[in-house]
Structures are given as C-alpha cells and as structure tokens.
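Results of the structural survey
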Amino acid sequence: MFRTWIGAALVAGMVGFGGAAAQAAEAWDMPMAYPDGNFHTRLGREFAEKVKADTNGEVVITVHGGGSLFKGDEIKRAVQRGTAPIGERLISALSNEDPLFALDAVPFLATDYDQAWKLYQVSKPALTERLAKENLHFLYAIAWPPQGIYANKAIESAADMKGLKFRTYNATMARLAELLQMVPTQIEAAELSQALATGTVEAMITSGATGVDSQVWEQVKYFYDVQAWLPKNMVFVNKRAWDKLDPKVQEAITKAAAEIEAKGWKMSEELAQGYLKTLAEHGMTVSKPSAALASDMAAIGEKMTGEWEAGAGDAGKKIIADYRAK
Ligand code: PCA
C-alpha cells in the first residue's frame, strides 16, 4: 500500500516535469481588498492574464477580489509569511508602520495625476527598499482618483465637519479627523456600505471610485471635490517566491507589471470624472469646495506636511525636497 502510494506520487511528479516545460508551473493566489468591478481589481486580473501568457504558463495567478481570500488589513502579513505569494494593498493603510507609507496621503502635497506620479517616482526607491526589508518584492503601484469629502450634510467650512463620525482608511486620516474635531473610525472599503447603513459613518474622504463602488448615495448626499491627495494601491510578491523564479520569468513579470502600471494610471485619470457624474446622477450634490472650506483644508494640509517631514526624518526631508525640485 505504502509502496504503491510512493510509486503513484513519483509518477505524478514525473508527469509534472514532463514534456517541454523545464519548470513546474507556479500557481499563485492573489488577494485584493477592493471589489471585483473596481478598476484596480480589473487591472489585477489583466496583470494575471498577461503574466500567464508572457511566462508561457509558468506562473498562473488567480485573483481573489473584495477581500474574499484575505481582508485588506491581512493582505500584507499574508504575503510576508507566504500564505499568499502575491497581493495588493493600499499603501497608506500601512502608515502606522512607517511614515514612508503615509506619504501619498499627506493632504494637498500632491493633488493631481502629474504631481502624484512625481511623488511616486521620487519615493519609489525608498518604498522598494522598505518592502524588501520585510520579505516583499515590490511590483507596481497605481493611483486612485483624487480624494474628496463626502458628508451627510452640506459643509461650508471645516467647522461644519466638527463632531461627525468620520470613516478613515489609515492612521494619517485619524490625525486629520483630530484636527477637524471629527470622530474617526477605520473601516475597510469592503465594509463601508454596511457602516453607512448603520450610521457608523457620517462623513469620509475617498475617491469617486469608492463612492460609486459602495453606492454611497443612499446615505451621504454631498461630495466636495477638494482633490486632497491621490493614494496608491501597490502589488507585491513574497520575496522567497520571487527569488526562486527563473530570471527570464522574473523579467517577464516585471515587464507585465510596468505595462499594467502605465495603463492603470491612464485608466484612473480617464475614469475620474465619470465617477463624479455617476454620483450626481444618483442625486448627490457634487461641487467644488467653498473658498472657506478650501482654505481651511489647505491650512491643515500645510500643518500635516510639516508633521510628516518631522516624523520621517532626513530621508523624508530628502523625498520632499526632490519632489519639490522636480
Ligand atoms: N478608495 C479606497 C482608498 C482610496 C480610495 O479612493 C478606500 O476608500 O478604501
């Protein structure tokens, strides 16, 4: 019985290595936190298809959207440990681990796609290095559309936000809530609809994309297009899983990642206005902020940029200086 089992296993192994393929195929599960219809998740699937084609099926990635395999706040740890070989996470959700992860959510530091791209380029080497220290190989990052203020009532100035229950997706936003005297609660996008429905959330800052994904118009009627920052999602691979790939396979994946990244930045920008139109079509008041709200928010942005620089030390100061010089 035992011998037969060993024999069968050996034969199965030989079949696996047989034919023209020099290597056994890698099957990678890829957890992603955002819903299947979201553009990041769609791009993740396209990336998976490209990798399969360009590596001749040596790496086959299966995308699991909507936090179905691991929830957003579990994904980084899962990939570090190798429980999932590859995954996607909102960078700034990790801001309590390192100021570097908070950079793209510093209010009003980078407020359009060109600036967000520049900020990405000046910080990418440090980001890559930081992740490598945690057993992660960085692949690509794509920006969300600009972040605006959603609220269940009209907001004329920062004072109107006082006391509102404010949904955050990172620790930096908890500081923002503190400065605006709001009450912060950190909630994953996957749980947002429910949190709104139960009244746990009265205001938030996020993109038109997430507003549309979560159909927030049932509960929040106002959107102010303040364009506060453009946070990014990033895709990374467990370093051991990466290191054991053939260099040619690594090269093909790196190339696929660069192509999806370029496509993703374009797509994000092209879709941005359409999301705001959809919000308006569902009865929301979508407008620019009043002069008072804009200046209140700008003052907070300046304060928080200073705080970020102070917290991030010399490395952080250099990134900001490089960004401003670009
Ligand atoms: N949507 C994500 C992050 C940024 C965005 O636009 C969210 O709200 O979780």
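Residues numbered from 1 in each chain as written. Predicted model: local features only at pLDDT ≥ 70, side-chain atom pairs only at ≥ 80, totals over all residues. Heavy atoms only, no water.

Strand order in this open sheet of six strands is β7-β6-β8-β5-β9-β11, and the pairing throughout is mixed. Edge positions in the sheet fall to β7 (183-186) and β11 (285-287), since each of these pairs with one other strand and no more. On average, each strand axis in the sheet is tilted by 20° relative to the strand beside it, whichever way the strands run. In this structure, strand β6 (residues 165-168) lies alongside β7, joined through four bridges in parallel fashion. Considered in β7, the bridge of Thr168 is made with Gln186. The strands touched by helix α10 (residues 247-281) are β5 (148-151), β9 (222-224) and β11; relative to β11, the strand with the most contacts, the crossing angle is about 145°. (Pairing = 2+ DSSP bridges. Helix = DSSP H or I, 4+ residues; strand = E, 2+ residues; numbered from the N terminus. Axes fitted to C-alpha atoms, helices over the stretch in contact; angles between N-to-C directions. Contact = heavy atoms within 4.5 Å.)

Right, let's get into the nonpolar core. Of all hydrophobic cores here, the largest spans 95 residues; its most connected members are Phe47, Ile61, Ile86, Leu139, Tyr140, Met234 and Ile253. Looking at this core, the element that brings in the most residues is α10, giving eleven residues. Not counting residues up to four positions away in its chain, the partners in contact with Phe47 are Ile61, Ile86, Leu139, Tyr140, Ile253, Ala256, Ala257 and Ile260. In terms of nonpolar packing, the next biggest core, distinct from the first, is built from 13 residues, Ala102, Leu103, Ala110 and Trp308 among them. (Core = buried A, V, L, I, M, F, W, Y, C linked by side-chain atoms within 4.5 Å. Buried < 20%, exposed > 50% of the residue type's maximum accessible area, 1.4 Å probe, protein only.)

Its place among the elements puts Thr305 in helix α11 (residues 291-325). With a relative accessible area of 8%, Thr305 lands in the buried category. For the pair formed by Thr305 and Phe108, sequence separation is 197 residues and the distance between their alpha carbons is 8.3 Å. Contacts of Thr305, omitting those with residues within four sequence positions, involve Val106, Pro107, Leu109, Ile320 and Arg324.

A separate point is the pattern of salt bridges. Following the criterion strictly, the structure yields 16 salt bridges and no others. Note that Asp104 and Lys232 form a salt bridge whose closest N and O atoms lie 3.3 Å from each other. Taken as a pair, Asp104 in the loop between α4 (99-102) and α5 (113-132) and Lys232 in strand β10 (residues 232-238) lie far apart in primary sequence, 128 residues in all. Like Asp104, the residue Lys232 is buried in the burial classification. Among the salt bridges present, the one from Arg175 reaches Glu178, with a minimum N-O distance of 3.3 Å. Linking Arg175 with Glu178, this pair stays in helix α6 (residues 171-179), spanning three residues, or about one helical turn. (Salt bridge = Lys/Arg side-chain N within 4 Å of Asp/Glu carboxyl O.)

Another point: the layout of surface pockets. The space that makes up the largest pocket amounts to roughly 230 Å³. Broken down by class, the residue content of the lining of the largest pocket amounts to four nonpolar, six polar and six charged. Size it by volume and the second largest pocket reaches roughly 190 Å³. Taken together, Asp98, Pro99, Leu100, Ala126, Glu129, Arg130, Lys133, Trp308, Ala312, Ala315, Gly316 and Ile319 make up the lining of the second largest pocket. Taken together, the elements giving at least two residues each to the lining of the second largest pocket come down to α4, α5 and α11. By residue class, the composition of the lining of the second largest pocket is seven nonpolar, one polar and four charged. (1 Å grid on protein atoms, 1.4 Å probe; cavity = no way out; pocket = protein on both sides within 12 Å on 5 of 7 lines; lining within 4 Å. Points joined across faces, edges and corners; volume = space filled by probe spheres on them. Nonpolar A, V, L, I, M, F, W, Y, C, P; charged D, E, K, R; others polar.)

Topologically, Ala299 is positioned in helix α11. Residues Ala299 and Pro107, 192 residues apart in the sequence, show an inter-C-alpha distance of 9.7 Å.

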